[in-house]
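# Residue-level structure breakdown
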Amino acid sequence: MSTFSAIGEEREIDRDEYTPTVEPQPTWCPGCGDFSVLKALKQALPEVGRTPEETLLCTGIGCSGKLNSYLDTYGFHTIHGRSLPVARAAKLANPDLEVIAAGGDGDGYGIGGNHFIHTARENHDMTYIVFNNEIFGLTKGQTSPTSPKGHKSKTQPHGSAKEPLKPLSLSLNAGASYVARTAAVNPNQAKEILIEAIEHDGFAHVDFLTQCPTWNKDARQYVPYIDVNESDDYEFDKTDRVEAAEMMRTTEEALYDGEVLTGRFYVDEDRPSYGQEKQQIGEMPEEPLAERYWDDDYEWERSYDQFVDKHE
Amino acid sequence: MTDEELIWRISGGSGDGIASTSQNFAKALMRSGLNVFTHRHYPSRIRGGHTYTEIRAAADPVESRGDGYNFLLALGDSFARNPQEGAVYGNEEIKPLSENLDELREGGVIVYDEGLLDPSEIPNFEERVEENGWHVFPLDLRGLARDMGREVMRNTAGVGATCALIGMDLEHVEDLMRDAMPEKILDPNLEILETAYDQVREEYDVDAVEVSVPTGEHEETQLLMSGSDAISYGAIDEGCRFIAGYPMTPWTEVFTIMTQNLPELGGISEQVEDEIAAAALAVGASHAGVKAMSGSSGGGFALMSEPLGLAEMTETPLVLVEAMRAGPSTGMPTKPEQSDLEHVLYTSQGDSQRVVLAPGTVAEAYEQSRLAFRLAYEYQIPTILLYDQKLGGELVNVPKSHFDREPNPTLGKTLSEEELAEQPHSADGKFHRFQHDVEDGVTPRSIPGQKGGRYLATGNEHDPTGHISESPDNRVAQIDRRTQKLEAIRADLDTEDTSSYAGPDDAEYGILTFGSQQGTVEEAVGRLNDAGVSVKSLGVSDMLPFPTEEVRTFIESVEEVLVVEMTASGQFRGLVQKNLGQYGEKLSSLLKYNGNPFEPAEVVDGFEAAIIEGDGDASGHQTTFVPAAGD
């Protein structure tokens, strides 16, 4: 038996394998968009052939963080805003793992914004799903980084004076090599986009519009949605950075005018992932580092043999 | 203070090559058979600002900086921005000659670069030279270097002059230059060295100089090592192959050494966006089955509070190093202090469940770096190695054999897939990673990718499978189990001999200290006993879990105890009293927080003034005495 025999296992996978049989059952509110992320992931993972035990799902804090409880894989429910640094290190330690990170808009675009920028910049080979509901849900409805200007809440009683953050544009400029937006109300597209994102070799950012029926919108407010890759009203080349940027800007502004544009906005298949870049310059081993600790034949280097002579 | 030692101070500006020149000269002295110890003083600037390094060299062991110095090589600050007396920072150009001149011992030697420095700018220079019997050698080091090579080689000329004056053969210096320098600059440097050496011997009566190089002999091969080197090598020998960090003085040294060495070991180093990420990456790598570390200095470590707490709650093995400097806030970036002790013990929400070790010497830094990894992985707990700018940067000779030890890459209680199959699982196949009743509180872990090992790690309180739980019974069981690990670690540490004792067992008085002040305190204890004062010392390394009984025994065995530390509020004394719950009337403090580490004489004088003569500050020193309760 190898050390990590769950990795690379070729077999049929049933989507029920990702579902805890007894508890915990999801505690999200009825009508919550988060159910759609869970469902889309359960559909996408078997299709890309990744089993629960070769998948590491890292989440932050908030309603989105509960995803870890309801998707039965290896999981790391980290702390608010910090799913990305934990996830990307796990990927560097063992590149054979399928690493997925997830969090809310406050988690990823607010408190974890710095990590988001730098993980995108470095183009780590992983998928990042942001549950974007334009609100802080679990803490009971405060204004978030993507709440519209003028949004009133207990923490912004006179209406927010801030322009909402533009996550797609930010992601593109930071360096993500796959940027998409999907919506909970569009399960088929959501599944397809997650499959593409997981299979993409690089940082794949999926801004997932998840309605929060308790604090701001119900599902109807995300309908109708338009897939910009299929609509005749929009024409752009998703592999062209300039055209992608313009389409993103249009999309981000349209959302606050009640028009829901979704789809793949930017795809760069040529850019090497961070792991490949690091291997290229000799700063990352070819074999997964995590394997080495189980190799009985490996001769561990000693500072006494390697380094101390120069101190004589 | 003895005449059998050389304390050579080389001073100049940042960027003048003080560090590399002093490192080579220290190594040459070591190779000649002497024990050496260096003390660095430098400003937070890239170019300019008064910088010096002292090398103390003697045939006997040296574990501390000395009192003052007996040889000054003043190069002058060639990058000085403020050549006027009235400038905010004063006349910087002259500082390498004028600063701390009072600390030059009687009969000491001054070599200064007359190409750059004019002593007439120093008040009463001639009178002071005469009063103190100093031997002064104005040499045009810059001119000599310029004529034969380049101006920056004036350091070499200074070393040549030094060797001529103290009667040291050039052999070891030249060997080291041959090892370190490419041919193009080697030849002019050798020429400059020899010319300066010959010129001084021809032009001056060197026999009249009262300072000479001691002679000594080593029984085995020695290495010139800093605390930062030792910590890094300890990590490597424990199989640490992942580091993540963000630059910050003085922790950057460990980060740099690891980063330069890891690629050839097939390891990974990551320079990341901030210290929150740095520690979180180390957590992620460790979770995925790699031995990992991160670290910082005070301000950066503050950002690590979150991931540190996450490692505690998820029981992820992790080593963090914290290189203290003077605080609060940005404080004094390049100056040592020990005032982050409480910060590392208590930062992050909830009850602390971590290990904190504070090595006292370079040799201990290697051993305790290894110990930190062993404890972190065996007990699945974050372990912090607490040191400071002093220990990180000081260079001392350590026998080479000290490092001749077997590597230990083991991951601790981590299960193979075969072993996992035997472990308890839930009906749906989830592995019980956090079982309630286990030996020493350590519950075995799996690694992502293993079949039969899936579980949830979470910063929330959790049940045995890792799922979030707020059940009171589970909460108590989990906290008690995690706390039990600290008891097991305390018992483990009792077999490790991390404390250091000096002085006679039956001494009347005691000195307690921790971390990097240990060597200085031990030298002071030696001097006090030579002067007829019956005193012993205990240098403590285990900050958490604290060696309560060992310290109690020490305090019980003496009349009074002086606690020596580089803090302003007596943090270590507070820690002792918190753990022992008594002795407030028996413990007094000697504190120093001016940015410089204790000199042995400050401890000697401080002890005599406070304990022997009674409750006072020693005059002439920037140290502070705080009496025991009730005094």
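Residue positions within a chain follow its written sequence, with the count starting from 1. Written order decides the labels, with chains lettered from A and ligands numbered from 1. For a predicted model such as this one, the threshold for reporting local features is a pLDDT of at least 70, and the threshold for listing and counting side-chain atom pairs is 80 or more; totals across whole chains, interfaces and linings nevertheless cover every residue.

## Re the overall build of chain B
Helix and strand counts for chain B stand at 21 helices and 22 strands. The globule rule puts the C-alpha radius of gyration for 631 residues at 25 Å, and the 27 Å found for chain B is close to it. With C-beta atoms placed from the backbone, the exposure class of a residue follows from how many other C-beta atoms lie within 10 Å of its own: 20 or more, buried; 12 or fewer, exposed; in between, partly exposed. Expressed as a percentage of its 631 residues, the buried residues of chain B come to 57%. In chain B, 76% of the contacts between residues at least 6 apart in sequence involve partners at least 24 apart. Each helix is a run of H or I in the DSSP string that is no shorter than four residues. Each strand is a run of E no shorter than two, and both are numbered from the N terminus. This radius of gyration counts C-alpha atoms alone. The globule rule is 2.2 Å times how many residues there are, raised to the power 0.38. C-beta atoms are first placed from the backbone for all residues, and any pair lying within 7 Å is then listed as a contact.

## Considering the overall build of chain A
Counting its secondary structure elements, chain A contains eleven helices and eight strands. Computed over C-alpha atoms, the radius of gyration of chain A comes to 21 Å, within 12% of the 20 Å expected from 2.2 N^0.38 for 312 residues, which places it in the range of a compact globule. The 312 residues of chain A split such that 53% are buried. Here the contacts in chain A between residues at least 6 apart in sequence split such that 71% fall between residues at least 24 apart.

## Describing the pairing of strand β6 (residues 203–209) of chain A
All names here are of chain A. Here β6 lies mainly inside the structure; seven of its seven residues are buried. Judged by which residues are buried, β6 turns out to be covered on both faces: F203, H205, D207 and L209 on one side and A204, V206 and F208 on the other are all buried. Note that strand β4 (residues 126–132) and β6 share seven bridges and pair parallel. Paired with V130 across the strands is D207, a residue of β6. The pairing of strand β5 (residues 178–183) with β6 spans six bridges and is parallel. Within β6, the residue paired with A180 across the bridge is V206. We treat two strands as partners when DSSP finds at least two bridges between them.

## Focus on the interface of chain B and chain A
Facing the 58 residues of chain B at the interface are 54 residues of chain A. Those elements giving two or more residues to the side of chain B that touches chain A turn out to be β7 (222–226), α8 (227–237), β8 (242–245), α10 (275–287), α12 (305–314), α16 (417–421) and β15 (456–458) of chain B. Here the side of chain B that touches chain A gets eight residues from one element, more than from any other, and that element is α10 of chain B.

## Overview of the pairing of strand β1 (residues 55–59) of chain A
Residue and element names in this part refer to chain A. With five of its five residues buried, β1 lies for the most part within the structure. The alternating pattern of β1 places T55, L57 and T59 on one face and L56 and C58 on the opposite face, and all of these are buried. Two elements, β1 and strand β3 (residues 98–104), share five bridges in a ladder whose sense is parallel. Opposite T59, over in β3, you have A102 as the bridge partner.

## Quick look at the environment of V563 of chain B
Residue placement: V563 of chain B occurs in strand β20 (residues 560–565). In this structure, V563 of chain B is in contact with L512, G570, F572, R573, V576, L587 and S589 of chain B, ignoring residues within four places of it in sequence.

## Remarks on the UniProt feature "domain: Thiamine pyrophosphate enzyme TPP-binding" (unreviewed entry) in chain A
UniProt positions are given in the numbering used here, feature names are shortened, and annotations may be inferred rather than shown by experiment. This chain's UniProt record puts "domain: Thiamine pyrophosphate enzyme TPP-binding" (unreviewed entry) on residues 61–208 of chain A. Spanning residues 61–208 of chain A, this segment combines 36% helix with 20% strand, and its end C-alpha atoms are found 16 Å apart.

## What about unusual backbone geometry?
The peptide bond linking V223 of chain A to P224 of chain A adopts the cis configuration, its omega dihedral lying at 0°. Looking along the chain, the bond that leaves G327 of chain B and enters P328 of chain B is cis, with omega of -10°. Within the fold, P328 of chain B resides in the loop between β11 (318–324) and α13 (341–346). A positive phi angle is found at K140 of chain A, which is not glycine, with a value near 85°. With respect to the secondary-structure elements, K140 of chain A resides in the loop between β4 and α6 (167–174). We classify K140 of chain A as exposed; it has 11 C-beta atoms within 10 Å. The phi torsion at N100 of chain B lies on the positive side, around 55°, for a residue other than glycine. Tracing the sequence through the fold places N100 of chain B in the loop between α2 (95–98) and β5 (104–113). When the 18 C-beta atoms within 10 Å are taken as the criterion, N100 of chain B is described as partly exposed.

## Some thoughts on the domain arrangement of chain B
Residues and elements named next belong to chain B. Throughout, the edges of the domains are those of an automatic or database domain assignment. Along its sequence, chain B is carved into domain 1 (5–208), domain 2 (224–403), domain 3 (417–493) and domain 4 (500–626). Here the C-alpha centroids of domain 1 and domain 4 sit 34 Å apart. Each side of the interface is counted separately: domain 1 has four residues, and domain 4 has eight residues. Following the grouping adopted for this structure description, the nonpolar residues are Ala, Val, Leu, Ile, Met, Phe, Trp, Tyr, Cys and Pro, the charged ones are Asp, Glu, Lys and Arg, and the polar ones are all others, Gly among them. Its residues assigned to classes, the side of domain 1 that touches domain 4 comprises no nonpolar, one polar and three charged.

## Quick notes on the sheet that holds β6 of chain A
Judged by pairing direction, the sheet is mixed, and its nine strands sit side by side in the order β7(A)-β8(A)-β5(A)-β6(A)-β4(A)-β3(A)-β1(A)-β2(A)-β15(B) without closing on themselves. Strands at the two margins of the open sheet, each flanked by one partner only, are β7 (225–227) of chain A together with β15 of chain B. Taking each pair of neighbouring strands and ignoring which way they run, the sheet shows an average axis angle of 20°. Two strands pair when backbone bridges link them, and β5 of chain A and strand β8 (residues 260–267) of chain A are joined in this way by four bridges, in the antiparallel orientation. Of the residues in β8 of chain A, the one forming a bridge with Y178 of chain A is V267 of chain A. Fitted lines through C-alpha atoms serve as axes, helices being fitted only where they are in contact, and the angles separating the N-to-C directions of these axes extend from 0 to 180 degrees. In the packing of α6 of chain A onto the sheet, the strands contacted are β4, β5, β6 and β8 of chain A, and the crossing angle to β5 of chain A comes to about 165°.

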